[in-house]
Amino acid sequence: MNKYVLKTLLDEEKRRNKHPYWIYDSLLMIPDMISSCLNRGVMDQIETVLDQFERRNIKRIIFTGRGSSYFLTLSLNYIFNELTEISTCSYLTNLLKIYHLDDLDEFTAVFVHSTSGESEGDKEVVECAKARGAYTIGVTDLSNSTLAQTVDNVIVGPGGAKVELPATRTYATALFRMSVFAVALAKRQGNHRDRADSLQRILGRMPDLLKEWMPVWEKQGAEIVSKIEACQAFFVLGYGPNLSTADETALAFGQCGGIPTMPFELENFIRGPIQFLTEEMAVIAIANEGPLQDRVLRAVMAAKTIGASTLVVTPKSLGQLPYADAQIYIPEGIPDVLSPIMVMVPMWQVAYEFGKLGRGGHQDRLSMDREEFKAGMKYLMSKDKWVM
């Protein structure tokens, strides 16, 4: 973990034990932070990486990360595959070294995602990739981190180190600037130019859209929580680019609400877990504009009929759904491949409201103050935020 972040976490004066927690401040920063990703500093870094893509004749992209940093890479595959002629895939960072080194050569670019740039083992993975001739890029928020110093180039996010442990603004800005990179790569390649131009315009509007909608979502948060807080377990359903959103939502609800929460790809849920739904459970469904929206809504109808509570994320144009106990509207006209940011922000806001009930971990520090937790984590990590 970055020394500044560790020092901040241990600083009693920096600790907040009631609303507003540090994570709340980070949520409010998201619109300005993603807007900063369009400024010259980040764009210059993107141009540098694009130049290397051309010089090295990159034919394959591998995204790596762990936890939230891995989840967001799952979404990235969709926008890159839609816009570019370069094949992509996602691996957990440590598994790249164990199972997939033979996939690497001089025509491969490896994007290593790590908010702090200090995740244990990332340096060794980068060195192995470089030894195979691969081009390595760090996607991090700290330019002085070990990761930033090890890779060939970096795309550094704005905002610097965060105080809280959960990823909110860091997740959103990494996903945003990599989407900007995908659009820029498509334009360099000369492929799908009209589609790239369209997505670029929507990315440019996203900061203002978030500024407009986030107060609405925050106001809804407490009301939504009141409708599902009695549930004993949650299932989060997503598909395509928003399968990663389901993963991150489950993490946020579990950490903040202290309620067992499981993410599922839509069809996998229909083929299995729906069998043991009960009235003590809730289904959270992401029904953004996309090819399987109707399938998602039918799964929600089924869940409601079985007796579960339902929370549905939909474009405003769908109106109030009679089978939704609670509903979150998102702006209309957001393409499937760009929707994860617009969906995830209100999910974090609802999770934050759950955290106010005091059932989960500390909003900023999660379980790091529990001695039994720290003792347990020593079996898993020799150094990290959990082991000091």
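Residues numbered from 1 in each chain as written. Predicted model: local features only at pLDDT ≥ 70, side-chain atom pairs only at ≥ 80, totals over all residues. Heavy atoms only, no water.

Moving on to the packing of aromatic side chains. Going through the model one piece at a time under the given rule, you end up with 18 aromatic pairs. With 6.2 Å between their ring centres and 50 degrees between their planes, F53 and F111 make a pair best called tilted. In this pair, F53 sits in helix α3 (residues 40-56) while F111 sits in strand β3 (residues 108-113), placing the two residues 58 residues apart along the sequence. Side by side, F53 and F111 carry an identical accessibility label, which is buried. With centroids separated by 6.2 Å and ring planes inclined at 75 degrees, the aromatic side chains of F53 and Y135 adopt a geometry described as edge-to-face. Pair noted here: F53 is in helix α3 and Y135 is in strand β4 (residues 135-140), with a separation of 82 residues, a long-range link. Here F53 and Y135 have matching classes, each one buried. (Phe/Tyr/Trp six-rings, centres within 6.5 Å; stacked < 30°, edge-to-face > 60°. Helix = DSSP H or I, 4+ residues; strand = E, 2+ residues; numbered from the N terminus. Buried < 20%, exposed > 50% of the residue type's maximum accessible area, 1.4 Å probe, protein only.)

In total, this model carries 24 salt bridges according to the counting rule given. A salt bridge links E47 to R188, with the shortest nitrogen-to-oxygen separation between them at 2.8 Å. Here the residue E47 occupies a position in helix α3, and R188 occupies one in helix α8 (residues 169-189), the gap between them amounting to 141 residues. With relative accessibility at 29%, the residue E47 sits in the partly exposed group. Accessibility expressed as a relative area gives 30% for R188, which makes it partly exposed. We note a salt bridge from D103 to R60, for which the minimum N-O separation is 3.9 Å. Linking D103 in the loop between α5 (93-99) and β3 with R60 in strand β1 (residues 60-65), this pair joins segments that are 43 residues apart in sequence. A relative accessible area of 26% places D103 in the partly exposed class. Connected through salt bridges with shared partners, the residues E47, D51, E54 and R188 form a single ionic network. (Salt bridge = Lys/Arg side-chain N within 4 Å of Asp/Glu carboxyl O.)

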